[in-house]
Every structure is written in C-alpha cells, then in structure tokens.
Amino acid sequence: MTHDVAHRRWRDALAVYLQAPVITMLFLGFAAGLPFLLVFSTLTAWLRDAGVEVAAIGFFSWIGILYSIKIAWAPIVDRVALPGLGRWLGQRRSWMLCAQLTIAAGLLGLAALSPPAHLIPIAGLALLVAFGAATQDIVIDAYRIESAEETVQAAMASTYIIGYRGGLLAAGAGALYIADAVSWHAAYACMAALVGIGVITTLVRPEPQRSTLGIQLASEPRVRAFLHQHRHAPRRRRRFGAWVIGAIVCPFTDFFARHGRTALWFLLFIGLYRISDLAMAAMANPLYIDLGFSLSEIANVTKVFGIAMSILGGVAGGLLVVRFGLGRMLVAGALATALTNLMFVALANAGHSFPMLVMTIMGDNLANGLASTIFIAFLSSLTSRAYTATQYALFSSLMTLPGKFLGGFSGLVVDGVGYTGFFTVSAALGVPAVLLALWLARTQR
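All of these numbers come straight from a predicted model, not from anything done at the bench.

Draft legend 1. Spatial organisation of a nonpolar patch on the surface. Judged by side-chain polarity, Phe 59, Trp 62, Phe 405, Leu 406, Phe 409, Leu 412, Val 413 and Val 417 come together as a nonpolar surface patch covering roughly 650 Å² of accessible area. In terms of residue count, the dominant contributor to the nonpolar patch is helix α24 (residues 410-428) (three residues). Tracing the sequence through the fold places Leu 406 in helix α23 (residues 388-407).

Draft legend 2. Layout of the pattern of salt bridges. In the structure shown here, the tally under the stated rule is seven salt bridges. Between Glu 207 and Arg 93 there is a salt bridge whose closest N-O contact spans 3.9 Å. With a gap of 114 residues between them, Glu 207 in the loop between α12 (196-204) and α13 (213-218) and Arg 93 in helix α8 (residues 91-111) connect regions that are remote in the sequence. By relative accessible area, Arg 93 is classed as buried at 11%. Between Asp 277 and Arg 274 there is a salt bridge, with its nearest N and O atoms 2.4 Å apart. Summarising the burial analysis for this pair, Asp 277 and Arg 274 share the class buried. When salt bridges that share partners are traced, they join Asp 78, Arg 92 and Glu 146 into one network.

Draft legend 3. How the structure looks around the environment of Phe 40. Position of Phe 40 among the secondary structure elements: in the loop between α2 (20-38) and α3 (41-49). Separated by 311 residues in the primary sequence, Phe 40 and Gly 351 have C-alpha atoms spaced 24 Å apart. Excluding anything up to four places from it in sequence, Phe 40 contacts Ser 61, Leu 278, Ala 281, Ala 282 and Lys 404.

Draft legend 4. Inspection of the packing of aromatic side chains at higher detail. Enumeration according to the criterion identifies 19 aromatic pairs in this entry. For the ring pair Phe 36 and Tyr 67, a centre distance of 5.5 Å and an interplane angle of 80° mean the geometry is edge-to-face. Pair noted here: Phe 36 is in helix α2 and Tyr 67 is in helix α5 (residues 65-68), with a separation of 31 residues, a long-range link. On the accessibility criterion, Phe 36 (13% relative accessible area) is buried. Overall, the relative accessible area of 5% leaves Tyr 67 in the buried class. With 5.0 Å between their ring centres and 15° between their planes, Phe 344 and Phe 423 make a pair best called stacked. Note that Phe 344 is positioned in helix α21 (residues 341-350) and Phe 423 in helix α24, a separation of 79 residues in sequence. Each of the two residues, Phe 344 as well as Phe 423, counts as buried. Following the ring pairs from residue to residue traces out a cluster consisting of Phe 266, Phe 269, Tyr 273, Phe 375 and Phe 378. The cationic tip of Arg 144 hangs over the ring face of Tyr 392; the distance from NZ or CZ to the ring centre is 5.0 Å.

Draft legend 5. Just α2, in detail. End to end, α2 covers 29 Å across 19 residues, agreeing with the expected 27 Å (1.5 Å per residue, within 8%). For α2, the buried fraction is high: 15 of the 19 residues fall into the buried class.

Draft legend 6. Geometry of the side chain of Gln 391. Within the secondary structure, Gln 391 is located in helix α23. Here the side chain of Gln 391 touches Asp 254 through a polar contact of 2.9 Å, side chain to side chain. Reaching out from Gln 391, the side chain makes a polar contact with the side chain of Arg 258 at a distance of 3.3 Å. Residue contacts for Gln 391: discarding those within four places in its chain leaves Pro 251, Asp 254, Phe 255, Arg 258, Leu 382, Thr 383 and Ser 384.

Calculation criteria
Residues numbered from 1 in each chain as written. Predicted model: local features only at pLDDT ≥ 70, side-chain atom pairs only at ≥ 80, totals over all residues. Heavy atoms only, no water. Patch = residues over 30% accessible without salt bridge, like charges linked within 9 Å, V, L, I, M, F, W, Y side chains within 5 Å. Areas by Shrake-Rupley, 256 points an atom, 1.4 Å probe, with all protein chains shown as cover. Salt bridge = Lys/Arg side-chain N within 4 Å of Asp/Glu carboxyl O. Helix = DSSP H or I, 4+ residues; strand = E, 2+ residues; numbered from the N terminus. Buried < 20%, exposed > 50% of the residue type's maximum accessible area, 1.4 Å probe, protein only. Contact = heavy atoms within 4.5 Å. Phe/Tyr/Trp six-rings, centres within 6.5 Å; stacked < 30°, edge-to-face > 60°. Lys NZ or Arg CZ within 6 Å of the ring centre and 35° of its normal. Expected span 1.5 Å × (residues − 1). Polar contact = N/O pair within 3.5 Å; in protein donor to acceptor, adjacent residues only side chain to side chain.

As structure tokens, then:
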C-alpha cells in the first residue's frame, strides 16, 4: 500500500506538466532566455573574438544591471494599460508584445554593427535589448503567477526554466555555430527572427483573469484612506495619488506586513542566493577562448551536454520541490551553485582539456537548472497575487543586482589574479547563501 501511495504521488507530480499553463511557460521561458546571453556571455564572446580587451569586456556585464533595476518601472508595467494594444490583448499580453518588438529591433541593430569600431553604439543597442528583455521578464513573471494556482507554480517554474535554457542554447551555442559558419552579423539577425516564438505565444494564449485596476485600488485600505482625506481635492490629483499608493507603496507595505522582520532576512537571502553564479558568468566564455577552444567546440559541448543537464536540472528541481518541499531544496541549490564554480578552477588549471570542458559545462548547467527552478518557486511563494508584477520584479531585481555589479569588475580581477583566483573567489561568495538557506530551511519547517 505504501508503495502504491508513493507511486501515485510521483505520478501526480508528473501529470501537472500536461496542463496548458505549464506548457505555455515552455515557450515564454524560451522568449525570456533568448535575449539574455545576447547582451551577456555571447556578446562577450563576440567582443573577445573581435579583439576587444578583457578589462573592457568585464564592464559590459553592467548592461545586465538593467535586469536588476526593473523594479523602477515595474509599477508602470503592472498598473498602466497601453493605449490601443491594451484593449486588444489585455494588460499583460500588450506589454509582452511591446517588449518583444523592442528586443527584435535592438538585435537587428546589433546585427548591423561591428566591434571594436562601433563599441559605443553596440553598448547602446545592448542596453535597448536588455531594457526590452527586463520588461518582458516583468510581464512573464506576473503572467505565470496569475495563470495558475500556487500548487502548479513549481511545475510552471520548471517548464519555464527548460524553455529558458532552450533560449540560452539558441543564443549561446546556436549563435556561436552561426558566427563560426557565417558571421556574427548573421547570428544576431537569426536571433532577432527567433523572437517570433515569443510573439506567437503572446498572440495565441489568453490573458489571465485578474481584477480591474479600479477594484484593486478600492480594496486597499491605504487608498481608501487617501481618497477620504482628499475627498475635496481635484479629481485628477485624487486618481494620481490613489494610483501611486496602490501601485508603488502598497506592494512594499504588503510584503513587510505579511512577513514582519523576517522580510529583511528574505531580502538578504534573495540578494545573495545567485551572487557567485552571476559574478563569474561574464568570464566563462573568455576563459574557454583563452584556453584555446574554438567557437564550434564550445557550442558543441553547450548543445549536447549543457542543454541536457539544464533540462535535467530544471525537471529535477520542479519534482523535488513538489516531493520534498522548498526548504531542503533551497540548501541543495545554494550548495550546487557555489561548488560548480570550483569546476572552472579545475578547468583553468587543466588548460586545453576537452573532457574537463565537458564536465565543467555539464556541472554548471545542471546546478543552474536545479537552483533556478527551486528559487523561482521560492520567489513565487513570497509574491502576493494582488501585486504580482511589482513584488516579483523587486525580488528578481534584488536577486541579480549584487552579482551583476560585482561581475562588472570580473575582467579586472582576472587581469590581477588570473582565472584560477577569480573562480575561487566567486565560489567563496556563495557561502553566505548556503548558511542563510540552512537557517531558512530550519525556520520554515
């Protein structure tokens, strides 16, 4: 009987992957993952291949900070309807489509330029792509949380990560293949065409059910108090004040009201969880290239082993969260993220070793897939459905900001202490996240 119950639990955990909202996240995950590497590690590979100095390449990772400050415009995306498109597609899908068109335009612009002759315009267009991608992330996160119940969120996070890794594969290995066979210009033009996958998904899937802005604002005690206190003020002033309180103030006060002092520990944990992974990411491709691996070799390993490990990690993360809960899996994800940095140390010491390259990329992708799925499920559990876009943007912005900021100095650190010293330091950065995950796992039992 016990065996039958256990079998049924695993079967139920797997059946959730057949639900339409879960499958939808596969394609939206691809749309979210595609632009990321194109302004990050793929871009750094292009710059290094074109002869741009490593120190300058490191500063390009600051472009990713746009992902980390998206909380600045998340309230607008969350609460302001786009004229015309908003009536046709709805709040979420209209913003999603607008962001996707911005990404495609930026990628086409990059396809027309060449480093190092156009380094500043390339930086500007990369910023445009990053802005569109960060905006798309805001909307997709809100869409995901609003499209299904909390019991399905781990599975949706899992398929999102699988799709996201597919987007990374296209933008990483796919772009490297095309660049090696044709040119970098052709690679970025093809990536612009792949944005169409997200566009089609946006157009064919329905808008999630959610309350109108008026109903949401009317349900807020702070908004009602403001309107009462300013009942004799001009109507426009009252509406604007109510919007500011409802869209900007309430998402933050709601989070702290629900979690109290623990909220500060949650925010610290969010900021530290992926710091070791994000701080080192900009130097992975320069390491491979400086060790003498060709673009095709890097792409081959990323395609064959990297994507398989990413999918395995993503699926395993979703299943393990359903089966064993978030607490213990957060510890496992934090440990995996930190420890896989040491594989880059081994690769740097091994030199041009193809087996070590395979092991490093496999381990890195497995850990990233596992940790990302677990952490997305954790962030979703902290998010109130009344403020999905703004609160999740706060969490995801905080998750990437410390690592992205430190990543900007990664090229200088490599110049100073070499790749071995750099990846050793990046692994050590993950220790505080492991300790906080252990504390969180005990307190959340």
